Amino acid sequence: MQYRTCPRNGDRISVLGLGCMRLPGALGRPDERRAREIIARAVERGVNYLDTAYLYPGNEACVGASLEELGLRDRVLLATKLPHGSVRSAADLDRIFDEQLRRLRTDRVDYYLIHNVTSPAQWERLRDLGVEDWIERQRAAGRIRRMGFSYHGSAGDFPVVLDAYDWDFCQIQYNYAGERYQAGTAGLLAAHERGMAVFVMEPLLGGRLADRLPDRARKILDAAAEPGLATPAAWGLSWVWDHPEVTMLLSGMSATEQVDENCALADRALPGSLTTSQREVIARVVAEFERANRVPCTGCNYCMPCPRGINIPGCFSAYNASYAHGWLTGVAQYFTASAVRTERPRLVSNCVRCGACARRCPQGIDIPARLSEVGRRFQPGPVGWALEAWSRRPRGRA
Ligand code: SF4
Ligand code: SF4
């Protein structure tokens, strides 16, 4: 395992962090036995940074219980996040943080983030509620060690947020397909210039730069494969680690085999190690990816649940798959995602455009409008009318 040092405080962090949001198990019910195995394997292989959040259902409690049972709390830097939208008063800061410490079975959070900042106004609102004094009190009591934020806003707003507080670190979405997306490369450099540690999330775009890469992009990588760069995931992670400004990247590993594979890559994760020709391969992959990637959904599930039962990330995944792997592959995925064969299909045409989902999307996707596109692709004309008639047919009593 390679380690990099946080410029501001000298913390030594493994280049690979464990993003706990994608620990295995049904949404809201992490599989505690498998989660424990993954955490144990990751720490054994040298990972020393674990990231969770208040808003990941059941996740803080699962991580806390695992660390306690494994006796690993003092061997890792534990990160979690403040759901700023739930803070209405200074008292809420204490209430939420105390609950987090209880769930995590710890007396301190090493890295605390304001979760999903999308505009400077969100920090200003917290500041008006007294968050700066609150942070200082927590630091003085040893309950928070480092303070940062995770970001999903525009490139233009990012420097404003960087300069709004004396942050230790920031967490940005960054991958080879997103150099100009959100904070992007300009944001990475701006944070580094300010002496902040930069943590990267979505290095593989929720798996879309790994096993779900478009066929033509995959062929380019397969043709260029070499030891250490044998899989799409290896290319994607190595591209991020190639940047010296990146301190650590988070990977949402959901199986011990993935932990082993990623840790083997992290053993060699030196900055500046990609060659010019390897960077050219990635540029060709980006061109193919952009051709097929119609909706920038990462599958984070923040928009769920939909009151009409629509599987929003599943529909977008199917839509993108129809351009990446062919229409038939996409429509088969769409029928599964929308439960077409069940008593109660949840078609995209069930959407009533309430907008609740779009307000929660960190990627800023206009979800109702994009679901209409999904409908046009998979439920065209008579097919759509037939599916809707089927889904709305009278049902007998159960
Ligand atoms: S806008 Fe449509 S998809 Fe979004 S929550 Fe409302 S009904 Fe569901
Ligand atoms: S639509 Fe947005 S919130 Fe929903 S899963 Fe995709 S990226 Fe996440």
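Our structure is the block above this text.
Residues numbered from 1 in each chain as written. Chains lettered and ligands numbered in written order. Predicted model: local features only at pLDDT ≥ 70, side-chain atom pairs only at ≥ 80, totals over all residues. Heavy atoms only, no water.

1. Remarks on the overall build of the protein chain
Item 1. Looking only at helices and strands, one finds 16 helices and 12 strands in the protein chain.
Item 2. The C-alpha atoms of the protein chain give a radius of gyration of 22 Å, which matches the 21 Å a tight globule of 398 residues would have.
Item 3. For the protein chain, the spread of C-alpha atoms along the three principal axes comes to 65 × 55 × 45 Å.
Item 4. Looking at the protein chain alone, contacts between residues at least 24 apart form 76% of all its contacts between residues at least 6 apart. (Helix = DSSP H or I, 4+ residues; strand = E, 2+ residues; numbered from the N terminus. Rg over C-alpha atoms; globule rule 2.2 N^0.38 Å. Contact = heavy atoms within 4.5 Å.)

2. Overview of the sheet that holds strand β7 (residues 77–82)
In a beta sheet, neighbouring strands are held together by backbone hydrogen bonds and run either parallel or antiparallel to one another.
Item 1. Strand order around the closed barrel formed by 8 strands is β3-β6-β7-β8-β9-β10-β11-β12, with parallel pairing between neighbours. Direction aside, the axes of adjacent strands within the sheet are offset by 25 degrees on average.
Item 2. With 6 bridges connecting them, strand β8 (residues 109–117) and strand β9 (residues 144–151) associate as parallel partners. In the sheet register, Tyr111 faces β9, and the bridge partner there is Arg146. (Pairing = 2+ DSSP bridges. Axes fitted to C-alpha atoms, helices over the stretch in contact; angles between N-to-C directions.)

3. Some details on the environment of Val109
Item 1. Relative to the helices and strands, Val109 is located in strand β8.
Item 2. Exposure remark for Val109: the relative accessible area of 0% places this residue in the buried category.
Item 3. Counting along the chain gives 33 residues from Val109 to Gly142, while the straight-line C-alpha distance between them is 8.7 Å.
Item 4. When near neighbours in sequence (up to four residues on either side) are disregarded, Val109 contacts Leu78, Ala79, Thr80, Phe97, Leu101, Leu104, Arg143, Ile144 and Arg145. (Buried < 20%, exposed > 50% of the residue type's maximum accessible area, 1.4 Å probe, protein only.)

4. Focus: the packing of aromatic side chains
Item 1. Following the criterion strictly, the structure yields 22 aromatic pairs and no others.
Item 2. Three or more aromatic residues joined by ring pairs form one cluster here, namely Trp123, Phe149, Tyr151, Phe158, Tyr165 and Trp167.
Item 3. Just above the ring of Tyr323 sits the side chain of Arg294; from NZ or CZ to the centre is 3.7 Å.
Item 4. The ring of Tyr323 is capped by Arg377, whose NZ or CZ atom sits 3.9 Å from the centre of that ring. (Phe/Tyr/Trp six-rings, centres within 6.5 Å; stacked < 30°, edge-to-face > 60°. Lys NZ or Arg CZ within 6 Å of the ring centre and 35° of its normal.)

5. So, the site of ligand 1
Item 1. Taken together, Cys306, Pro307, Arg308, Ile312, Cys351, Val352, Arg353, Cys354, Gly355, Cys357, Pro368 and Leu371 make up the full set of residues adjacent to ligand 1.
Item 2. In the shell around ligand 1, the residues fall into 9 nonpolar, 1 polar and 2 charged. (Near = heavy atom within 4 Å. Nonpolar A, V, L, I, M, F, W, Y, C, P; charged D, E, K, R; others polar.)

6. Quick notes on the environment of Val240
Item 1. Along the polypeptide, Val240 turns up in helix α9 (residues 232–241).
Item 2. Counting along the chain gives 65 residues from Val240 to Asn175, while the straight-line C-alpha distance between them is 6.3 Å.
Item 3. Leaving out residues up to four positions away in the same chain, Val240 has contacts with Tyr174, Asn175, Val200, Pro203, Val246 and Leu249.

7. Brief notes about the pairing of strand β11 (residues 197–201)
Item 1. With 5 of 5 residues buried, β11 is to be regarded as a mostly interior element.
Item 2. Of the two faces of β11, the one carrying Ala197, Phe199 and Met201 and the one carrying Val198 and Val200 are both buried.
Item 3. Sheet analysis places strand β10 (residues 169–173) next to β11, joined by 5 bridges and oriented parallel. When the sheet's bridge partners are listed, Cys170 is paired in β11 with Val198.

8. Notes on the pattern of salt bridges
Item 1. As enumerated under the stated definition, the model contains 27 salt bridges in all.
Item 2. The closest approach of N and O atoms between Arg73 and Asp110, which form a salt bridge, is 3.0 Å. Here the residue Arg73 occupies a position in the loop between α2 (59–70) and β7, and Asp110 occupies one in strand β8, the gap between them amounting to 37 residues. Accessibility assignment for this pair places Arg73 and Asp110 in one class, buried.
Item 3. With its nearest N and O atoms 3.0 Å apart, the salt bridge here joins Arg370 to Glu373. (Salt bridge = Lys/Arg side-chain N within 4 Å of Asp/Glu carboxyl O.)

Geometric values such as these leave the question of function open.
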